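Fold and geometry: a report
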Amino acid sequence: MNKILTYKSFFAYSEKTNKSFFTKFENDINIVYGRNTSGKSTLIQSILYTFGINDVKTSLKDILDEKPIFRLDCELSINKTITNLTLIRDDENIYIQQNEQAIKKFFGIGGNGSEHSK
């Protein structure tokens, strides 16, 4: 089974600080470049965090203190069948929408000892 996940765009917004970040990914290869401390690793860690990987929370502490919401739009191709996915992550929750279907909600994924639930 051939599966390919293609990132389309990434958006982060903090209502607390009124800061935002948006980037669009192109097909094929995307190169993230910049000087030291310009945010390259933070972008990658933020994408991982959006998927629910909490191992990066320590590295993202300064950003997470601003209470951001992350949104990742991507396409999942399984045997050439395309599914559009939108993942939204706030502190304790992930929301996932596939195509135009109902949004699936996952609560308590903050890794703070709360029970993970759908």
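Overview of the structure. (Residues numbered from 1 in each chain as written. Predicted model: local features only at pLDDT ≥ 70, side-chain atom pairs only at ≥ 80, totals over all residues. Heavy atoms only, no water.)

Remarks on the pairing of strand S4 (residues 81-89)
Pairing between strand S3 (residues 69-78) and S4: nine bridges, direction antiparallel. Paired with Arg71 across the strands is Ile88, a residue of S4. Between S3 and the antiparallel strand that follows it, S4, lie two residues; Asn79 among them carries a positive phi value of about 50 degrees. Looking at chain direction, S4 and strand S5 (residues 93-98) are connected through five bridges and run antiparallel. (Pairing = 2+ DSSP bridges. Helix = DSSP H or I, 4+ residues; strand = E, 2+ residues; numbered from the N terminus.)

Observations concerning a nonpolar patch on the surface
On the surface, a cluster of nonpolar side chains totalling about 380 Å² of accessible area is made up of Leu5, Ile44, Leu48, Phe51 and Ile53. Within the secondary structure layout, Ile53 lies in the loop between helix H1 (40-50) and helix H2 (61-64). Of the residues examined, Ile53 reaches a relative accessible area of 35% and is grouped as partly exposed. (Patch = residues over 30% accessible without salt bridge, like charges linked within 9 Å, V, L, I, M, F, W, Y side chains within 5 Å. Areas by Shrake-Rupley, 256 points an atom, 1.4 Å probe, with all protein chains shown as cover. Salt bridge = Lys/Arg side-chain N within 4 Å of Asp/Glu carboxyl O. Buried < 20%, exposed > 50% of the residue type's maximum accessible area, 1.4 Å probe, protein only.)

Quick look at the side chain of Thr86
As for its placement among the helices and strands, Thr86 is situated in strand S4. Classification of Thr86 by relative accessible area gives buried; the value is 16%. At 2.7 Å, the side chain of Thr86 and the side chain of Asp73 are in polar contact. Setting aside residues up to four positions removed in sequence, Thr86 forms contacts with Arg71, Leu72, Asp73, Tyr95, Ile96 and Gln97. (Polar contact = N/O pair within 3.5 Å; in protein donor to acceptor, adjacent residues only side chain to side chain. Contact = heavy atoms within 4.5 Å.)

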